[in-house]
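# Observations on the model geometry
Residues per chain are reported as follows:
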Amino acid sequence: NGSLDEALTTKERIRQVALTQHLDATAATVRAGGFVVSTDLAFGDPVAAIVTASAAEDVALTVLATHGRGAAQRMIVGSVADRVMRLSTRPVVLVRPSGTDEVTNPSAITRIMVPLDGSPLAESVLPLATDLARSAGAAMVLVRVEPHITVDAAAFDVAGVDLATMEAEVAA
């Protein structure tokens, strides 16, 4: 039916213009803060579009708002933010709103936490974290979490640590 196809195409064009205007207005607000901004209007699966755009734009970091749903709700309705975090090859920061239904502006970044477990993988985020901290003028909090304490000294295989000296200090 030609008239139905024309009507859909007209509605799609109107929607695309409205979306582009909103994106351009948002970009103008960000530019007014002194930032260089590029825009892209994508259609289709949001997760695939975001992950693809992050690679295509060679971004260092993707920041997404999340609804803050619990695991049960995510299982039922899914979570774009959760899936982007899991599928992206780029670092992703998820920002969850406060406990209310209102979306609030996150506070300034004054402290950045980096959980560490002693592995090279965990420590591989340090260059990005320190760059972010430097840019934001933020302090860094490094947190080492061990699931349990063991009496087996071999389990403490941490480079540069003299276990005999540590044991003597703890015993004193």
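Residues numbered from 1 in each chain as written. Predicted model: local features only at pLDDT ≥ 70, side-chain atom pairs only at ≥ 80, totals over all residues. Heavy atoms only, no water.

In this section: the nonpolar core. Burial of nonpolar side chains together is a common tendency in soluble globular proteins. Of all hydrophobic cores here, the largest spans 5 residues; its members are V47, L64, A81, V84 and V92. The residues contacting V84, other than those within four sequence positions of it, are V47, I50, V51, L64 and V92. (Core = buried A, V, L, I, M, F, W, Y, C linked by side-chain atoms within 4.5 Å. Buried < 20%, exposed > 50% of the residue type's maximum accessible area, 1.4 Å probe, protein only. Contact = heavy atoms within 4.5 Å.)

Turning to the confidence of the model for the protein, a few remarks are in order. When pLDDT is averaged along the protein, the result is 79, and 74% of the positions lie at 70 or above. Of all the helices and strands in the protein, helix α3 (residues 71-77) carries the lowest mean pLDDT, 55, while helix α2 (residues 46-56) carries the highest, 92. (pLDDT = per-residue confidence, 0-100. Helix = DSSP H or I, 4+ residues; strand = E, 2+ residues; numbered from the N terminus.)

By the element assignment, I50 lies in helix α2. I50 sits 34 residues away from V84 along the chain, and the two C-alpha atoms are 7.2 Å apart. In contact with I50, not counting residues within four places along its chain, are T62, L64, V80 and V84.

Let's shift gears to the pattern of salt bridges. Pairing between side chains of opposite charge can happen when the charged atoms of each approach one another. Enumeration according to the criterion identifies 4 salt bridges in this entry. The partner of D58 in a salt bridge is R90, with the nearest N and O atoms 2.9 Å apart. You can see D58 sitting in the loop between α2 and β1 (62-65) and its partner R90 sitting in the loop between α4 (80-87) and β2 (92-95), a full 32 residues away along the chain. A relative accessible area of 57% means that D58 is categorised as exposed. On the accessibility criterion, R90 (22% relative accessible area) is partly exposed. (Salt bridge = Lys/Arg side-chain N within 4 Å of Asp/Glu carboxyl O.)

Turning our eyes to something else, we now look at the pairing of strand β3 (residues 111-116). Residues I112, V114 and L116 of β3 are buried on one face, while the alternating residues R111, M113 and P115, pointing to the opposite face, are not. As paired strands, β3 and strand β4 (residues 139-144) are joined by 6 bridges and run parallel to one another. Bridge pairing links M113 to V141 in β4. (Pairing = 2+ DSSP bridges.)

Moving on: the packing of α2 against α4. α4 packs onto α2 with a crossing angle of 40° between their chain directions and a minimal axis gap of 9 Å. Relative to α4, α2 is oriented oblique. Handedness of the α2/α4 crossing: right-handed. Only V80, R83, V84 and L87 of α4 make contact with α2, whose side of the interface consists of P46, V47, I50 and V51. Of the residues contributing to the contact of α2 with α4, the split by class is 7 nonpolar, no polar and 1 charged. (Axes fitted to C-alpha atoms, helices over the stretch in contact; angles between N-to-C directions. Parallel < 35°, antiparallel > 145°, perpendicular 65-115°, else oblique. Left-handed = near helix turned anticlockwise from the far one by under 90°. Nonpolar A, V, L, I, M, F, W, Y, C, P; charged D, E, K, R; others polar.)

As a further point, take the environment of F43. Summarising the element assignment, F43 is placed in the loop between α1 (2-32) and α2. Judged by relative accessible area, F43 falls into the exposed class, the value being 56%. In contact with F43, other than residues within four places in its own chain, are Q16 and L19.

Another aspect to go through is the side chain of S79. Among the secondary structure elements, S79 is positioned in the loop between α3 and α4. At 3.0 Å, the side chain of S79 and the backbone nitrogen of D82 are in polar contact. (Polar contact = N/O pair within 3.5 Å; in protein donor to acceptor, adjacent residues only side chain to side chain.)

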